[in-house]
Amino acid sequence: WRVNYPPQEMCALRGSSVVIPCTYDYPESFEGPVLTVVTVKWFRSSIPGIADRDTYVYHSTGINVSPEYENRTKYLGNKVKNCTLQIRDLQSNDTDRYYFRFETNQPAGKWTGATGVSLSVTGKYHTVKEGSFVSLTCGFDRCTLNESSFVWYREGQPISNEKSNKHQFNVSYEHSGKYCCASAENSSFKSEQINLIVKSSVGAPGGIAEGSSVTLTCTSNANPPVSSYTWFRRDGNGDEEKARQQHLNFSSITSSDSGDYYCEANNSLGAQNSSSVHLSVTGRYREETGIEDLKQHLNN
């Protein structure tokens, strides 16, 4: 007498279907008569080693089947040693341990696979914040989803040739956006989204005349939105904080303001620095003197 379940915990994505492979065995005869299987049933329970329940995920006679499973289960097995079960349209609350039980034509000839099989249903994935390398994973730490059971999306659009449970890439600015995974069988059920923070982009003119008005602006389309910006000036002895705001203003810039500047954008996921921009400030007096010398030379 035995029931054989998958050796490891099974995982499936919310909205998809799962097939629980199962086989069972029993002696040809028991206390005399030849045994035949009369009833097969599946039930769920978080109590280990339980023999039976009052309500069922599947029952071959159709009695006492839980309403939440009436139209979602299909018995793919038979009454001769195959007990495979399919559950469709999985929901998060389907996470539990499932047991198979069979009963024969002899009152004492019945058996429950006491170990059961553990099923986990997920709609979330683990992430690494934006940086040089990003890895998004669909599944749990302790088990892996079927790699052909879902598709990755960015901003609602499917990513070509991405059907693995992992989406890994070297991140760049154009990779910003909202990512999720979904069941390939039912794409209307998508996982929760993860938003990648975006590198800030900074623009500034070069070769600026002393005394000019200059504004450096830090922008980012990060999601969640940026909560704060900070401007820094690079220095060999340590970077100098210049402003805690999106704009760095020079009302009358001087040659001493020349240097490399960058901004830091922060949101709830972390912080990211922009690339630096170099400001080169030329002296107005020297420029004007040079122009007058050139005019005088041309006149001569």
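Description of the structure in this document. These numbers were taken from a predicted model, which means no experiment stands behind them. (Residues numbered from 1 in each chain as written. Predicted model: local features only at pLDDT ≥ 70, side-chain atom pairs only at ≥ 80, totals over all residues. Heavy atoms only, no water.)

## With respect to the packing of aromatic side chains
Part 1 of the reasoning: For the structure shown, the criterion picks out 14 aromatic pairs.
Part 2 of the reasoning: Geometrically, the ring pair formed by Trp1 and Phe102 is stacked, given 5.9 Å between the ring centres and 15 degrees between the ring planes. Linking Trp1 in the segment before strand E1 (2-4) with Phe102 in strand E9 (residues 96-104), this pair joins segments that are 101 residues apart in sequence.
Part 3 of the reasoning: Relative accessible area serves as the criterion here: at 30%, Trp1 is assigned to the partly exposed category.
Part 4 of the reasoning: Owing to a relative accessible area of 0%, Phe102 belongs among the buried residues under this scheme.
Part 5 of the reasoning: Judged by centre distance (4.9 Å) and plane angle (10 degrees), the rings of Tyr58 and Tyr75 are stacked. With Tyr58 in strand E6 (residues 58-59) and Tyr75 in strand E7 (residues 73-75), this residue pair connects regions lying 17 residues apart in the sequence.
Part 6 of the reasoning: Looking at Tyr75, the relative accessible area reads 15%, which means it is buried.
Part 7 of the reasoning: Here a set of aromatic residues connected by ring pairs shows up, and it is made of Trp1, Tyr5, Tyr24, Tyr26, Trp42, Phe100, Phe102 and Trp111.
Part 8 of the reasoning: The lysine or arginine in question, Lys81, covers the ring of Tyr26, its NZ or CZ lying 5.7 Å from the ring centre. (Phe/Tyr/Trp six-rings, centres within 6.5 Å; stacked < 30°, edge-to-face > 60°. Helix = DSSP H or I, 4+ residues; strand = E, 2+ residues; numbered from the N terminus. Buried < 20%, exposed > 50% of the residue type's maximum accessible area, 1.4 Å probe, protein only. Lys NZ or Arg CZ within 6 Å of the ring centre and 35° of its normal.)

## Brief notes about the pattern of salt bridges
Part 1 of the reasoning: All told, the structure shown has 11 salt bridges when counted by the stated rule.
Part 2 of the reasoning: For Arg72, the salt bridge goes to Asp94, with nearest N and O atoms at 2.9 Å. Here Asp94 lies in the loop between strand E8 (85-87) and E9 and Arg72 lies in the loop between E6 and E7, a separation of 22 residues in the sequence. Here the two residues Arg72 and Asp94 agree in accessibility, since each one is buried.
Part 3 of the reasoning: Salt bridges linked by common partners bring Lys41, Asp52, Arg101 and Glu103 together as one network. (Salt bridge = Lys/Arg side-chain N within 4 Å of Asp/Glu carboxyl O.)

## Details of the nonpolar core
Part 1 of the reasoning: If you look at the biggest cluster of nonpolar residues, it comprises 31 residues, and the most contacted ones within it are Tyr24, Trp42 and Phe100.
Part 2 of the reasoning: Among the elements of the structure, strand E2 (10-13), strand E3 (18-20), strand E5 (37-44), E8, E9 and strand E11 (117-122) are those that each provide at least two residues to this core.
Part 3 of the reasoning: Ile208, Leu216, Ala243 and Ala265 belong to the second largest nonpolar core, which has 18 residues in total. (Core = buried A, V, L, I, M, F, W, Y, C linked by side-chain atoms within 4.5 Å.)

## Some words on the state of the cysteines
Between two cysteines, a covalent bond joining their sulfur atoms is known as a disulfide.
Part 1 of the reasoning: One pass over the full model with this rule turns up 2 disulfides.
Part 2 of the reasoning: Sulfur-sulfur distance for the disulfide between Cys22 and Cys83 comes to 1.9 Å. Classification of the bridge connecting Cys22 and Cys83 rests on its S-S torsion, roughly -80 degrees, and on that basis the disulfide is left-handed. Linking Cys22 in the loop between E3 and strand E4 (23-25) with Cys83 in the loop between E7 and E8, this pair joins segments that are 61 residues apart in sequence.
Part 3 of the reasoning: Judged by its relative accessible area of 0%, Cys83 is buried.
Part 4 of the reasoning: Each disulfide pairs two cysteine sulfurs, and for Cys218 the partner residue is Cys263, the sulfurs being separated by 1.9 Å. Taking the sign of the S-S torsion, 50 degrees for the link of Cys218 and Cys263, the bridge is right-handed. Taken together, the residues span a long stretch of sequence, with Cys218 in strand E22 (residues 214-219) and Cys263 in strand E26 (residues 259-267) at a distance of 45 residues.
Part 5 of the reasoning: Exposure remark for Cys263: the relative accessible area of 0% places this residue in the buried category. (Disulfide = S-S within 2.5 Å.)

## Structural notes on the side chain of Arg101
Part 1 of the reasoning: With respect to the helices and strands, the residue Arg101 is situated in strand E9.
Part 2 of the reasoning: A distance of 3.4 Å separates a polar side-chain atom of Arg101 from the backbone oxygen of Ala51. (Polar contact = N/O pair within 3.5 Å; in protein donor to acceptor, adjacent residues only side chain to side chain.)

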